[in-house]
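As a plain string of letters, each chain reads:
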Amino acid sequence: MLYGAIIEPGKSVTPKNELSSVVHISQLCLDEPSENGKTYVQINDGETLFNLCVLEKDVNEMATVDVFFSTNSISLTTKGAKNNVHVVGYFEPDEAGGLISDSDEFEDEEDDEAEVDQDDDDDDDFDEGSEDEEKSSKRKGGKGKNDKNPKKHKVEDDYEKSLCDYLKKNGKTTLALLGSKVKKPVGLNVKIGQFLKERSNIFKVNGDSVSLV
C-alpha cells in the first residue's frame, strides 16, 4: 500500500492507515526548493527528534532511505531551510506482518482442536492414558509420541531459530515488523502471534511488542 505525504515547513505529518501499523519510508526529495541551506527531515517519537536525512537545494535534493517504524506515535517534520519535502514509501499490511485479531485466534484454536480430535479418531488402538498424553503434548505445541511428521517440526524449529536470531540481533521489536523481517515458511499454517504464544518459554509478547524471555 503506497504511502505519500508532503511535509510543509513548520508542520509535521503522521503516517496513518487503518490496515497497517508499520510504514516503510523509501525516498524523500525537495519540492521546487526556493530557500538555500540545509533542510533536515526528522522523525519524532514523541520524546526525541532523530535526523532521517539532510536535503539541500542544488546540492542534494533527494535521499533514498530504508526505514521501518510503527505508525502508532511517530511523526515526520523538518527544520532548517524552509522548503516542502515529498515523502514516499509504503505501508506493511498487518496480515502479511502477522498481526492477528481475536477472531483469528479463535479460529486457530478451533482448527487446533479439530486436528486433535482427528488424531484421536486415528489412534483408537492406543490406551486412554496414551491418548491423554498425546493430546496434552499437541496442545502445548510439543511433539507427541505418535508424531508422524518430522518434516513439519523441522520447519517450525527453523522458523523459531530465525525469529530468535533476529530478536537477539535487533532486540525488542513490534509483532508486525518481526513478521515482515522474518518470513513465515511455506506450509506453516499458523499465525505468528499464535506461534510465539505457544513458545512462551522462549518469546515474550506484550501487546504488539515481542522480545526474548
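Residues numbered from 1 in each chain as written. Predicted model: local features only at pLDDT ≥ 70, side-chain atom pairs only at ≥ 80, totals over all residues. Heavy atoms only, no water.

(A) The sheet that holds strand S8 (residues 85–92), seen in detail. Read from one edge to the other, the open sheet built from four strands follows the order S1-S8-S3-S6, with strand pairing classed as antiparallel. Edge positions in the sheet fall to strand S1 (2–7) and strand S6 (62–70), since each of these pairs with one other strand and no more. Direction aside, neighbouring strands of the sheet carry axes that sit 20° apart on average. By the bridge criterion, seven bridges tie strand S3 (residues 22–30) to S6 in an arrangement that is antiparallel. The residue bridging His24 from the neighbouring strand is Phe68, located in S6. (Pairing = 2+ DSSP bridges. Helix = DSSP H or I, 4+ residues; strand = E, 2+ residues; numbered from the N terminus. Axes fitted to C-alpha atoms, helices over the stretch in contact; angles between N-to-C directions.)

(B) Geometry of the environment of Thr64. By secondary structure assignment, the location of Thr64 is in strand S6. Exposure remark for Thr64: the relative accessible area of 63% places this residue in the exposed category. Thr64 sits 11 residues away from Cys53 along the chain, and the two C-alpha atoms are 8.9 Å apart. Excluding anything up to four places from it in sequence, Thr64 contacts Ser26 and Gln27. (Buried < 20%, exposed > 50% of the residue type's maximum accessible area, 1.4 Å probe, protein only. Contact = heavy atoms within 4.5 Å.)

(C) Examining the sheet that holds strand S2 (residues 12–13) more closely. Pairing within the open sheet is antiparallel, and its four strands lie in the order S2-S7-S4-S5. Edge positions in the sheet fall to S2 and strand S5 (49–56), since each of these pairs with one other strand and no more. Pairing between S2 and strand S7 (residues 75–80): two bridges, direction antiparallel. Looking at S7, one finds that Ser12 is bridged to Thr77.

(D) Spotlight on the pairing of strand S4 (residues 38–44). Bridge count between S4 and S5: seven bridges; the pairing is antiparallel. Within the sheet, the bridge partner assigned to Tyr40 lies in S5 and is Val54. Here S4 folds back onto S5, and the loop between the two strands holds four residues, one of which, Gly46, carries a positive phi near 95°. Pairing of S4 with S7 involves six bridges; the strand directions are antiparallel. The partner of Gln42 across the bridge, within S7, is Thr77.

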